[in-house]
Amino acid sequence: MCVNKETRLNIRITPEFKADLEMVAKYHGLTMTSYVHSVLVKKIREEKEREPSAFIQPKELSPKSKKLLPFANPNEEIDDKDEGKNQTG
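Please read these numbers as outputs of a predicted model, since none were measured by experiment.

Tell me about the packing of helix α1 (residues 15–27) against helix α2 (residues 32–50), and name the residues and values.
Between α1 and α2, the shortest axis-to-axis distance is 8 Å and the interhelical angle comes to 85 degrees. By the angle class used here, α1 and α2 are roughly perpendicular. Across from K18, L21, E22, V24 and A25 in α1, the residues of α2 making contact are M32, Y35 and V36. Residues belonging to the contact of α1 with α2 are distributed by class as follows: six nonpolar, no polar and two charged.

This is how it looks when you write it as structure tokens:
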């Protein structure tokens, strides 16, 4: 499967860390970009398995479950007194 990758990710690292990445990538027979990409893909898959709810888009959540998002504003108050209203089923 060929995926058109149009977005770049730029990070700042030390020259020593870059040299280490290049050596590890070469050891695995990959370019540095391919190696970093494969590591990131693997880590994201692991995170999705461990905590799938963190990857649900807000529009997919019900109003009740939105308050459980780890990215919610910690200063926002949650009004539970309206729970159960406007629900069908």
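Anyway, onward from the coordinates.
Please set out α1 residue by residue, giving values where relevant.
Taking 1.5 Å per residue, 13 residues should reach 18 Å; α1 reaches 18 Å between its end C-alpha atoms and fits that length. Count one or two residues on from α1 and you reach G29, which has phi positive near 75 degrees.

I'd like to hear about the pattern of salt bridges, residue by residue, with values.
Within this structure, the stated rule accounts for three salt bridges. Of the charged contacts, one joins E22 and K18 as a salt bridge, the two residues approaching to 3.9 Å between their closest N and O atoms. Here the residue E22 and the residue K18 both occupy positions in helix α1, the gap between them amounting to four residues, near one helical turn. Accessibility expressed as a relative area gives 39% for E22, which makes it partly exposed. The partner of E46 in a salt bridge is K43, with the nearest N and O atoms 3.8 Å apart. With a gap of three residues between them, E46 and K43 both fall in helix α2, about one helical turn apart. E46 gets classed as partly exposed once you look at its relative accessible area, which sits at 37%. On the basis of relative accessibility, which here comes to 47%, the residue K43 falls in the partly exposed class.

Definitions and cut-offs
Residues numbered from 1 in each chain as written. Predicted model: local features only at pLDDT ≥ 70, side-chain atom pairs only at ≥ 80, totals over all residues. Heavy atoms only, no water. Axes fitted to C-alpha atoms, helices over the stretch in contact; angles between N-to-C directions. Helix = DSSP H or I, 4+ residues; strand = E, 2+ residues; numbered from the N terminus. Parallel < 35°, antiparallel > 145°, perpendicular 65-115°, else oblique. Contact = heavy atoms within 4.5 Å. Nonpolar A, V, L, I, M, F, W, Y, C, P; charged D, E, K, R; others polar. Expected span 1.5 Å × (residues − 1). Salt bridge = Lys/Arg side-chain N within 4 Å of Asp/Glu carboxyl O. Buried < 20%, exposed > 50% of the residue type's maximum accessible area, 1.4 Å probe, protein only.

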